[in-house]
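So the chains spell out like this:
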Amino acid sequence: MERTPSGALFGHVPNRDVEAFAAIEYAQTRGVLVDDVDPEDLWSMLIALAATWAQSAIVYTVDVEEDEDHRARRRAALRVTARRAFCTS
């Protein structure tokens, strides 16, 4: 599933996303985020969720004329999905 044959998903770029990993780890120790998913895996899944509409760009392209309601709806859907998947409460 990874692009590289082995190793960490983000290991090939030193110091990449260290703040995000630290924030995820901190939230896990506080019980805000699930702690049975590795921070790197959780971060990767969040990125993939956020890129959902970018992947659909093959058939649909957003432009500046798009109604703000559409963007707000997508942000809300992403927020709800991430909470349900990764938050403890």
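Below is a short write-up of the structure. (Residues numbered from 1 in each chain as written. Predicted model: local features only at pLDDT ≥ 70, side-chain atom pairs only at ≥ 80, totals over all residues. Heavy atoms only, no water.)

Brief notes about the nonpolar core
Here is step 1 of the chain: Ile24, Ala27, Leu33, Val34, Val37, Leu42 and Phe86 together form the largest nonpolar core, which totals seven residues.
Here is step 2 of the chain: Among all residues touching Ala27, those that are not within four sequence positions of it are Val32 and Leu33. (Core = buried A, V, L, I, M, F, W, Y, C linked by side-chain atoms within 4.5 Å. Buried < 20%, exposed > 50% of the residue type's maximum accessible area, 1.4 Å probe, protein only. Contact = heavy atoms within 4.5 Å.)

Some remarks on the packing of helix H1 (residues 18–29) against helix H2 (residues 39–50)
Here is step 1 of the chain: Running from amino to carboxyl end, H1 crosses H2 at an angle of 110°, the nearest separation of the two axes being 9 Å. Put simply, H1 runs roughly perpendicular to H2. Viewed along their axes, H1 and H2 form a crossing whose handedness is right-handed. Side by side, H1 and H2 meet where Ala20, Phe21, Ile24, Glu25 and Gln28 of the first sit next to Pro39, Glu40, Leu42 and Trp43 of the second.
Here is step 2 of the chain: For the contact of H1 with H2, a count of residues per class yields six nonpolar, one polar and two charged. (Axes fitted to C-alpha atoms, helices over the stretch in contact; angles between N-to-C directions. Helix = DSSP H or I, 4+ residues; strand = E, 2+ residues; numbered from the N terminus. Parallel < 35°, antiparallel > 145°, perpendicular 65-115°, else oblique. Left-handed = near helix turned anticlockwise from the far one by under 90°. Nonpolar A, V, L, I, M, F, W, Y, C, P; charged D, E, K, R; others polar.)

Points about the packing of H2 against helix H4 (residues 68–86)
Here is step 1 of the chain: The interhelical angle for the contact between H2 and H4, taken along N-to-C directions, is 155°, at an axis separation of 10 Å. Looking at the two axes, H2 sits roughly antiparallel to H4. Here the hand of the crossing between H2 and H4 comes out right-handed. Touching Leu42, Met45, Leu46, Leu49 and Ala50 of H2 are Leu78, Thr81, Ala82 and Phe86, all from H4.
Here is step 2 of the chain: Of the residues assigned to the contact of H2 with H4, the class counts are eight nonpolar, one polar and no charged.

Brief notes about H1
Here is step 1 of the chain: Under the 1.5 Å per step criterion, the end-to-end length of H1 is 16 Å for twelve residues, consistent within 8% with the ideal 16 Å.
Here is step 2 of the chain: Three or more residues of H1 are buried, namely Ala20, Phe21, Ile24, Ala27 and Gln28. Buried residues in H1, looked at end-on, bunch into an arc of 130°, giving them a common side. Facing away from the buried side of H1 by more than 90 degrees, the exposed set consists of Glu19, Tyr26 and Thr29. (Expected span 1.5 Å × (residues − 1). Arc of directions from axis to C-beta.)

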